[in-house]
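# Structure at a glance
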Amino acid sequence: MFSPPNCTIIPSSAPSDAGIAGAGVLISSSLTATIALLLSASLILQSTLFPHSTTSRPSTIRRKLLASYSDQQILIGITLQSLGLARSSHIIPYHFFIIWMLSLLSMATHNATLLALVQDFKRDWVLRWMRQGLMFVNLALSCVYGVVVLEGKRKGWAGTLPVGCIWAANSVSGVEGEEKKVAGGLDYVGTIVTIAGNVVVFGLATWYLQSRRQKWYRIVQLVGMLLMMGIAVGAAVRVFLLSQAFGKPDVQLSDEGEKQLGFGSLLGLLMMALPIISIIEIKRGDIVVAPPLRDDVSDDEKPLV
């Protein structure tokens, strides 16, 4: 995993990796994000259109299910990015970019959950700072990915060479007989805007999570929800169009393994059923979940634990 990359020969094709860009991975990630975004939107719309319904109908099950799916998304995003960096000497830019887009999808999902469940997170300082730490780790990894992608576009990387070769002076420029692929200005701007947008969104999310006195609470919720849904849809569409399983990759792959639903891919789909166990336990009374706090309750009135 940590062996140095071979940057002396540019192969004509690269092997597929169903663990990163397989059909099951993409379907499970997109379905989980879709469910979490819909749950977030439903909670925000309920509290906006029917502000007193949170007392009579606290939506305990939806909140618990949303928190579970959101935690699953951000942990998968961090894990994928960490493994991608650890395998940078073997992974090709095509898979590296898909990991980056999946991390943006997980970030948007978690931020949408934050918009809907911020009062629940503020109830417990441990949950609040735990999510703050996960958000920072996800941001740091995403910025690293963005810098690598930007450097690759600047040099004009060879798509079948490992990502680790991007930092080699004469590797990604190509060899004799190979055409150098240098990105245009729009690619530069898009990558830089994405990196800067991640930093700005992290700053706004931190303010939203930690601020004791929030103005324009409903406006921030509605505008932020629309923004996160836009980011999630954009990242998902980009991944599906680029993937071998559902679209056309920008690199020649030596096999079609990413189109198959293997054991690992099916396992990711089955993991989506785990939060449902919590619903059954809540319904049976085995788990007691505190009702949500009203949005108009000040932080001084909220319990510390």
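The shown structure was predicted, so the numbers you read here are calculated from the model rather than taken from an experiment.

Scanning the model with the defined rule gives four cavities of 30 Å³ or more in all. If you trace the largest cavity, you find it lined by Ile74, Met107, His110, Asn111, Met135, Asn138, Leu139, Asn198, Val201, Phe202 and Ala205. For the lining of the largest cavity, the secondary-structure elements that each account for two or more residues are helix 5 (93-123), helix 6 (125-155) and helix 7 (185-210). At four residues, the largest contribution of residues to the lining of the largest cavity is made by helix 7. Looking at side-chain class alone, the lining of the largest cavity contains seven nonpolar, four polar and no charged residues.

Opposite charge on two side chains permits them to pair, given that their charged atoms come into close proximity. Evaluation of the coordinates by the stated rule reveals three salt bridges. Close ionic contact of Arg87 with Asp17 constitutes a salt bridge, the shortest N to O distance being 3.0 Å. Of this pair, Arg87 sits in the loop between helix 4 (60-86) and helix 5 while Asp17 sits in the segment before helix 1 (18-21); the two residues are 70 residues apart in sequence, bridging distant segments of the chain. One salt bridge connects Glu256 with Lys259, and the closest N-O pair in it is separated by 3.8 Å. Residue classification places Glu256 among the partly exposed residues on the basis of a relative accessible area of 49%. Exposure remark for Lys259: the relative accessible area of 41% places this residue in the partly exposed category.

Turning next to the packing of helix 5 against helix 6. Contact pair helix 5 / helix 6: the axes reach a minimum separation of 10 Å and the direction vectors enclose 160 degrees. By the angle between their directions, the pair helix 5 and helix 6 is classed as roughly antiparallel. Every pair of crossing elements has a handedness; the one defined by helix 5 and helix 6 is left-handed. Residues of the contact of helix 5 with helix 6, tallied by class, amount to 14 nonpolar, seven polar and four charged.

How each quantity is defined
- Residues numbered from 1 in each chain as written.
- Predicted model: local features only at pLDDT ≥ 70, side-chain atom pairs only at ≥ 80, totals over all residues.
- Heavy atoms only, no water.
- 1 Å grid on protein atoms, 1.4 Å probe; cavity = no way out; pocket = protein on both sides within 12 Å on 5 of 7 lines; lining within 4 Å.
- Points joined across faces, edges and corners; volume = space filled by probe spheres on them.
- Helix = DSSP H or I, 4+ residues; strand = E, 2+ residues; numbered from the N terminus.
- Nonpolar A, V, L, I, M, F, W, Y, C, P; charged D, E, K, R; others polar.
- Salt bridge = Lys/Arg side-chain N within 4 Å of Asp/Glu carboxyl O.
- Buried < 20%, exposed > 50% of the residue type's maximum accessible area, 1.4 Å probe, protein only.
- Axes fitted to C-alpha atoms, helices over the stretch in contact; angles between N-to-C directions.
- Parallel < 35°, antiparallel > 145°, perpendicular 65-115°, else oblique.
- Left-handed = near helix turned anticlockwise from the far one by under 90°.

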